[in-house]
Amino acid sequence: MENWNSKTIAAFRRDLLAWYDQEGRSTLPWRQDTDPYRVLVSELMLQQTRVDTVITYFNRFMAALPTVDDLAAAPEDQVLKLWEGLGYYSRAKNLQRAAKYVVNDLDGVWPQTYEGLQDLPGVGPYTAAAIASIAFNQVVPAVDGNFFRVFSRLLKINDDIAQPKTRKVFYEAIAPIVDPDRPGDFNQAIMDLGTTYMKAKNPDTLNSPVKAYNAAFRDGVEDQYPVKTKKKKPVRQVYQAQVTYDDQGRLLYEQRPETGLLAGFWTLPLKQVDSIENLEGQQLTIKPVVHIFSHRRWEIWLVALDNDKTADLAANQAWLSVADQEALALPKVQHKLLARLKEMDDVSQ
DNA sequence: GAGCCGTGGAC
DNA sequence: TGTCCAAGGCT
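Here the structure is a predicted model, which is why all the values come from computation and not from measurement.

### Description of the UniProt feature "domain: HhH-GPD" (unreviewed entry) in chain A
The UniProt feature table records "domain: HhH-GPD" (unreviewed entry) at residues 45–196. As a span, residues 45–196 carries 62% helix and 0% strand, and end to end its C-alpha atoms are 20 Å apart.

### Digging into the nonpolar core
The biggest cluster of nonpolar side chains holds 81 residues, and the ones touching the most others in it are V41, A129, I131, F147 and F151. Both domains that furnish three or more residues to this core are identified here as domain 1 (6–224) and domain 2 (235–348). Excluding anything up to four places from it in sequence, F147 contacts P141, A142, F170, I174 and I190.

### Some thoughts on helix 11 (residues 183–194)
The terminal C-alpha atoms of helix 11 lie 17 Å apart, and with twelve residues this matches the ideal 16 Å at 1.5 Å per residue to within 8%. Extensive coverage of helix 11 is indicated by the burial of eleven of its twelve residues. Here helix 11 has its buried residues at P183, G184, F186, N187, Q188, A189, I190, M191, D192, L193 and G194. Buried residues in helix 11 make contact with helix 1 (6–23), helix 8 (125–136) and helix 9 (145–155).

### With respect to the domain arrangement of chain A
For chain A, the assigned domains read domain 1 (6–224) and domain 2 (235–348). With centres defined by C-alpha atoms, the gap from domain 1 to domain 2 works out at 37 Å.

### Quick word on the protein's contact with DNA strand B
Around DNA strand B lies a shell of 22 residues, among which G87, K165, G260, P331 and K332 are the nearest. Tallied by class, residues from the surface near DNA strand B come to nine nonpolar, ten polar and three charged.

### Focus: the protein's contact with DNA strand C
In the vicinity of DNA strand C, 29 residues are found, and the nearest of them are G124, Y126, T127, G145 and A200. Those elements giving two or more residues to the surface near DNA strand C turn out to be helix 2 (36–46), helix 8, helix 9 and helix 11. For the surface near DNA strand C, the element with the most residues is helix 8, which contributes three residues.

### Describing the packing of helix 8 against helix 11
The interhelical angle for the contact between helix 8 and helix 11, taken along N-to-C directions, is 130 degrees, at an axis separation of 7 Å. Judged on the interaxial angle alone, helix 11 and helix 8 are oblique. Contacts between helix 8 and helix 11 involve A130, S133 and I134 on the former and, on the latter, P183, G184, N187 and Q188. Grouping the amino acids of the contact of helix 8 with helix 11 by side-chain chemistry returns three nonpolar, four polar and no charged.

### What about the packing of helix 9 against helix 11?
Running from N to C, helix 9 and helix 11 cross one another at 75 degrees; their axes reach a closest spacing of 9 Å. With respect to helix 11, the element helix 9 is oriented roughly perpendicular. Of the residues in helix 11, those in contact with N146, F147, R149 and V150 of helix 9 are I190, M191, L193 and G194. For the contact of helix 9 with helix 11, the class distribution of residues is five nonpolar, two polar and one charged.

Cut-offs applied
- Residues numbered from 1 in each chain as written.
- Chains lettered and ligands numbered in written order.
- Predicted model: local features only at pLDDT ≥ 70, side-chain atom pairs only at ≥ 80, totals over all residues.
- UniProt positions renumbered as here; feature names shortened; annotations may be inferred.
- Helix = DSSP H or I, 4+ residues; strand = E, 2+ residues; numbered from the N terminus.
- Core = buried A, V, L, I, M, F, W, Y, C linked by C-beta atoms within 7 Å.
- Buried ≥ 20, exposed ≤ 12 C-beta atoms within 10 Å, placed from the backbone.
- Domains from an automatic or database assignment.
- Contact = placed C-beta atoms within 7 Å.
- Expected span 1.5 Å × (residues − 1).
- Near = placed C-beta within 6 Å.
- Nonpolar A, V, L, I, M, F, W, Y, C, P; charged D, E, K, R; others polar.
- Axes fitted to C-alpha atoms, helices over the stretch in contact; angles between N-to-C directions.
- Parallel < 35°, antiparallel > 145°, perpendicular 65-115°, else oblique.

This is the structure we're talking about:
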């Protein structure tokens, strides 16, 4: 690992921030100001999610719930509807829990430190550092995927970034480098660098504003950084989705358990089956609806089941009209199932 | 510490 | 089509 002296550190800060002031993404909506609420919302949305995807969600969310008090007082249904399609839905629930914590437990006074901010639900080391530096000017590195990528190359850090303990290595290596006068800008500059000249694939190091500080590039080994072990492939799982209508044309839905994948969301009744041979009911489609999560690959076969007049609904089941369905926040996989149903209707007409 | 937790884009 | 993601946190 490279070890920079104070002169190098000072020069790096200067060059990085000069570039950031000229070419940073200053127009991003959450960079209009440093209101901790706006920073919190944006940071939660940006966890494992692309900037381009977040922009629309962020603007809509802030228009609907412009202050932390608004979010704390909002129905959870509204928060989830605003989050619909963004994924990792526990972030939305944690975001509102964090707002309630600040408003109700802290009397509206935000924690302003790296340590204190981690008491907010959904706020871990990265997000706490981001808020602390951007909103409260605390001098801490916001070690995220961009930092792993950028500094592994600059400093030739060989630790596996897939391992949790590696975060500490980066934090301690970068902490002395953060600009004490502009910590928030420093952190955001690294993020901008990490998605442009120093992006994961096909980086443009030759034109990078910090090329001179890039030890991996200097040694011709930039493609070896960051060091990262591979993830496992998603497990293939076969499901059937039950399609049942009542006499009013409403669809049978089932609410998922309060924990686990898509917790609390309403979908068609889903049941895992060993294979396509074991489907219950009339198979409706030649091809399954395929939906891939981070760790699971669902192949879902639509099957028709008649509405048994004598059968009571389970406690977690309900008939939903089209209006009901549109009012609810539904996960993407359910939207896919509905789209496939609509395709079948269109074909049959 | 390893697995869980969504989605859409790039190649 | 498959693979690897993209501003991580929770258990």
